[in-house]
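# Structure assessment
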Amino acid sequence: MMARPLIISDCDEVLLHMIAPFRDWLGETQGVTFTMNGNDFSRSMHYGDGSAVPGPEMWRLLGAFFDTEMHRQSPIAGAIEGMTQLAQDADVVILTNLEDHRQEARTRQLADHGLNIRVFTNQGPKGPAIRAILDEYRPSRAVFIDDIAQHHGSAFEVTPDVSRLHLCGEPLLAPHITCAFTQGHAHARIDDWASALPWLKARLHGDTND
């Protein structure tokens, strides 16, 4: 059989809102205020007295959110419809930086939103994980979508032949993050699915000039 093209997509802030429901949960139940401080996630969480939430507690709270509050996450506008359209012409998988024991919960979460899709979990830079997925699927061509610049840098280093789209669909986060496109590690930066979908389709069909 002829190999199909492949979409490898992140989930949080690409398909589902994460920062906004995490912020709301922190304020409602944990007595913590979350306000983006530049692009430094670690400096964005404070207690009511103004003191910063220390690193270990920050990561504990983030883990607790994914353990009990994933139902709060809603789809980025156009993301589910866009992925459904892409799946007509390509294999589509998720590569998410969650610990492995949350893989089943993420798979169920996406199914609840209409995406019955394979989920790969990962910790750290995503380039090696993308390489492993490519080795399994052996696609005719591949596109990687993520909202974090460092993952595009890793993909650029490990899998340079993969097309890379930097997409952050969360308005609370998008203005603050490092742009992988301006760094030269992504082929484009597009933060809305209405504009991203034609770009992705062109990449899947090889209708590009680079």
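About the thresholds
Residues numbered from 1 in each chain as written. Predicted model: local features only at pLDDT ≥ 70, side-chain atom pairs only at ≥ 80, totals over all residues. Heavy atoms only, no water. Core = buried A, V, L, I, M, F, W, Y, C linked by side-chain atoms within 4.5 Å. Buried < 20%, exposed > 50% of the residue type's maximum accessible area, 1.4 Å probe, protein only. Helix = DSSP H or I, 4+ residues; strand = E, 2+ residues; numbered from the N terminus. Contact = heavy atoms within 4.5 Å. Pairing = 2+ DSSP bridges. Axes fitted to C-alpha atoms, helices over the stretch in contact; angles between N-to-C directions. Polar contact = N/O pair within 3.5 Å; in protein donor to acceptor, adjacent residues only side chain to side chain.

A few words on the nonpolar core. With 29 residues, the main nonpolar core has I7, L15, M83, W193 and L200 as its most contacted residues. Per element, the largest residue contribution to this core is six residues, and it comes from helix α7 (residues 193-204). Here L15 is in contact with S9, D10, S74, P75, I76, A79, M83, I94, L110, L115 and W193, once residues within four sequence places are set aside. Counting residues in each nonpolar core, the second largest holds 23 residues, with F34, F41, L98 and I177 among its members.

Here S44 lies in the loop between β2 (32-34) and β3 (45-47). Discounting chain neighbours no more than four positions away, the residues touching S44 are T33, F34, T35, M36 and N37.

Let's shift gears to the sheet that holds strand β6 (residues 142-146). Across the sheet, which stays open at both edges, the six strands sit in the order β5-β4-β1-β6-β7-β8 with parallel pairing between neighbours. In this open sheet, the two edge strands, each paired with only one partner strand, are β5 (118-121) and β8 (188-189). Pairing of strand β1 (residues 6-9) with β6, which is carried by four bridges, proceeds in the parallel orientation. Within the sheet, the bridge partner assigned to I7 lies in β6 and is V143. Against the sheet, helix α6 (residues 149-158) touches β6 and β7 (163-166), its axis set at about 170° to β7.

Let's shift gears to the side chain of N122. Locating N122 in the fold gives a position in the loop between β5 and α5 (127-137). Of the polar contacts made by the side chain of N122, one reaches the backbone oxygen of P125; its length is 3.4 Å. What N122 contacts, discounting residues up to four positions off in sequence, is L95, T96, N97, L98 and A129.

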